[in-house]
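Secondary and tertiary structure notes
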Amino acid sequence: MSILVFYSEFDSFEQWSALLAPNLPGVTLCRAEEVQNDDEVHFALVWKPPHGFFAPYRNLKLLINLGAGVDSLVGRDDLPDIPIVRLSDPHMARMMASFVLFAVLRYVRDIPAFERAQRERRWHYLHPRSPETVRVGVLGLGELGAHTALELARQGLDVRGWSRSQKNIDGITCSSGIDALDAFLAGSDILVVMLPLTPQTQGLLSAERLARLPHGCAFINVSRGAIVDQVALTQALQRGQIAEATLDVFDREPLPPEDALWGMENVLITPHLASVAIPASAAPQVAANIQRAARGEAVLHQVFPQQGY
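The following paragraphs examine the structure supplied in this document. Nothing here was measured: the structure is a model prediction, and the numbers come from that model. (Residues numbered from 1 in each chain as written. Predicted model: local features only at pLDDT ≥ 70, side-chain atom pairs only at ≥ 80, totals over all residues. Heavy atoms only, no water.)

Tallying secondary structure elements over the chain gives eight helices and 13 strands in all. For a compact globule of 309 residues, the expected C-alpha radius of gyration is about 19 Å, and the chain comes in at 21 Å, within 12% of that figure. For the chain, the C-alpha atoms occupy an extent of roughly 65 × 40 × 35 Å along the three principal directions. Of the contacts made within the chain by residues no fewer than 6 positions apart, 62% connect residues no fewer than 24 positions apart. (Helix = DSSP H or I, 4+ residues; strand = E, 2+ residues; numbered from the N terminus. Rg over C-alpha atoms; globule rule 2.2 N^0.38 Å. Contact = heavy atoms within 4.5 Å.)

Printed below as a string of structure tokens:
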């Protein structure tokens, strides 16, 4: 018998179980607390499991991460040397792109100004800007970032992208490498942070780098809070260096009630949901990788946590 152990505080075991069971004969799906024989656990489907979670599972063959980011798997001493795969689901990419598109267009069309005017019962006309005059910088051109950049470009926006290694994407002005980062930031009227969290990206957007952004820019973070110096970001928002922000991720989650960001009218806060795993579309990929691992074949979408992707 093989067991697939499941752990997530946010995803539905019942939904994943119903979708996977018909495609995995001979594999029993169990919540972690229901496993009776740890040695029969060959596969794990998890999101941010607690420290020590993997230690009992000596025969683990494959770890499937319920999401695109693998930073929670870095530096663990309970994780055996096994293949780790992430979800690579076009529906997740579409969900992310739609969230970022909403956030970007909200600033392009000056919606926060109209929201403030409505609260004051004040008729406030601002002439719409031509989209090609707005420079949108997508910081990170992985699978989600590239898909999002293309969606933004379809709106006629001037889209630029930055990545660690050079990428070539039709319609996107791409730059790469740390030496090009300051110029990229300086040319972003709206910055969208889409980098994975790695040792190289942690704290990348320091106070000094945030100061490179154009005065009065907008800031959107849908990746990981630890990439940004959150104190410096808050201060930049308070003094208007950064005019507006949409923040889906934070250096501490949930964001503590006493955090100053909660009370700022120029900040939109969402609870880390810009893109989430969609069981109906991702389950076939999960089942296929488990079948591959069971047959001793190479898995698809393998990731390496130390690299961050």
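Axis separation between helix 2 (residues 90-108) and helix 4 (residues 143-153) bottoms out at 9 Å; the angle between their running directions is 50 degrees. It follows from the interaxial angle that helix 2 and helix 4 lie oblique. As for the relative orientation of helix 2 and helix 4, their crossing is right-handed in sense. Residues Met-92, Ala-93, Arg-94, Met-96, Ala-97, Val-100, Leu-101 and Val-104 of helix 2 lie in contact with helix 4, whose contacting residues are Leu-144, His-147, Thr-148, Glu-151 and Leu-152. (Axes fitted to C-alpha atoms, helices over the stretch in contact; angles between N-to-C directions. Parallel < 35°, antiparallel > 145°, perpendicular 65-115°, else oblique. Left-handed = near helix turned anticlockwise from the far one by under 90°.)

Reading across the sheet, the seven strands line up as 8-7-6-9-10-11-12 and stay open at both edges, with parallel pairing between neighbours. Strands with a single pairing partner mark the edges of an open sheet, and in this sheet they are strand 8 (173-176) and strand 12 (267-269). This sheet shows a mean twist of 15 degrees between the axes of neighbouring strands, independent of strand direction. Relative to strand 8, strand 7 (residues 158-163) runs parallel, the two being bridged by four bridges. When the bridges of strand 8 are listed, Gly-161 appears paired with Cys-174. (Pairing = 2+ DSSP bridges.)

One way to put it is that helix 1 (residues 13-20) packs onto helix 8 (residues 279-294) with a least axis distance of 9 Å and a crossing angle of 55 degrees. What the angle tells us is that helix 1 and helix 8 run oblique. Note on packing geometry: the crossing formed by helix 1 with helix 8 is right-handed. Taken together, the residues of helix 8 that come into contact with helix 1 (itself represented by Gln-15, Trp-16, Leu-19 and Leu-20) are Pro-279, Ala-280, Ala-282, Ala-283, Val-286 and Ala-287. For the contact of helix 1 with helix 8, the per-class residue count stands at nine nonpolar, one polar and no charged. (Nonpolar A, V, L, I, M, F, W, Y, C, P; charged D, E, K, R; others polar.)

Buried residues dominate strand 10 (residues 217-221), accounting for five of its five residues. Of the pairings in the sheet, the one linking strand 9 (residues 190-193) to strand 10 comprises four bridges and is parallel in character. Considered in strand 10, the bridge of Leu-191 is made with Phe-219. Two elements, strand 10 and strand 11 (residues 242-247), share five bridges in a ladder whose sense is parallel. (Buried < 20%, exposed > 50% of the residue type's maximum accessible area, 1.4 Å probe, protein only.)

Another aspect to go through is the pairing of strand 11. Among the six residues in strand 11, five count as buried, and that is most of the element. In this fold, the crossover linking strand 10 to strand 11 by way of helix 7 (residues 230-239) has right-handed handedness. In this structure, strand 11 lies alongside strand 12, joined through three bridges in parallel fashion. Counterpart to Thr-246 in the pairing with strand 12 is Leu-268. (Right-handed = clockwise from strand over helix to strand, strands pointing away.)

This part takes up the packing of aromatic side chains. Tallied over the entire structure, the rule returns five aromatic pairs. A centroid spacing of 6.2 Å and a plane angle of 65 degrees characterise the contact between Phe-99 and Phe-102, whose relative ring orientation is edge-to-face. Remark: Phe-102 and Phe-99 occur in helix 2; sequence separation between them is three residues, near one turn of the helix. Given a relative accessible area of 42%, Phe-102 falls into the partly exposed group. Through a chain of ring-to-ring contacts, the aromatic side chains of Tyr-7, Phe-53, Phe-54 and Tyr-57 assemble into a single cluster. (Phe/Tyr/Trp six-rings, centres within 6.5 Å; stacked < 30°, edge-to-face > 60°.)

Reading across the sheet, the six strands line up as 2-1-3-4-5-13 and stay open at both edges, with mixed pairing between neighbours. Looking at the sheet topology across the chains shown, the edges are occupied by strand 2 (27-31) and strand 13 (302-303). By the bridge criterion, four bridges tie strand 3 (residues 41-46) to strand 4 (residues 62-65) in an arrangement that is parallel. Counterpart to Val-46 in the pairing with strand 4 is Asn-65. Along the sheet, helix 8 makes contact with strand 1 (2-7), strand 3, strand 4 and strand 5 (84-86), crossing strand 4 at roughly 165 degrees.

Before going further, it helps to spend a moment on the pattern of salt bridges. Following the criterion strictly, the structure yields 18 salt bridges and no others. Residues Arg-154 and Glu-151 are paired through a salt bridge, measuring 2.8 Å at the closest nitrogen-oxygen approach. One salt bridge connects Glu-208 with Arg-212, and the closest N-O pair in it is separated by 3.8 Å. The exposure class of Glu-208 is exposed, given its relative accessible area of 56%. By relative accessible area, Arg-212 is classed as partly exposed at 39%. Shared partners join several salt bridges into a network, and the residues in it are Asp-182, Glu-208, Arg-209 and Arg-212. (Salt bridge = Lys/Arg side-chain N within 4 Å of Asp/Glu carboxyl O.)

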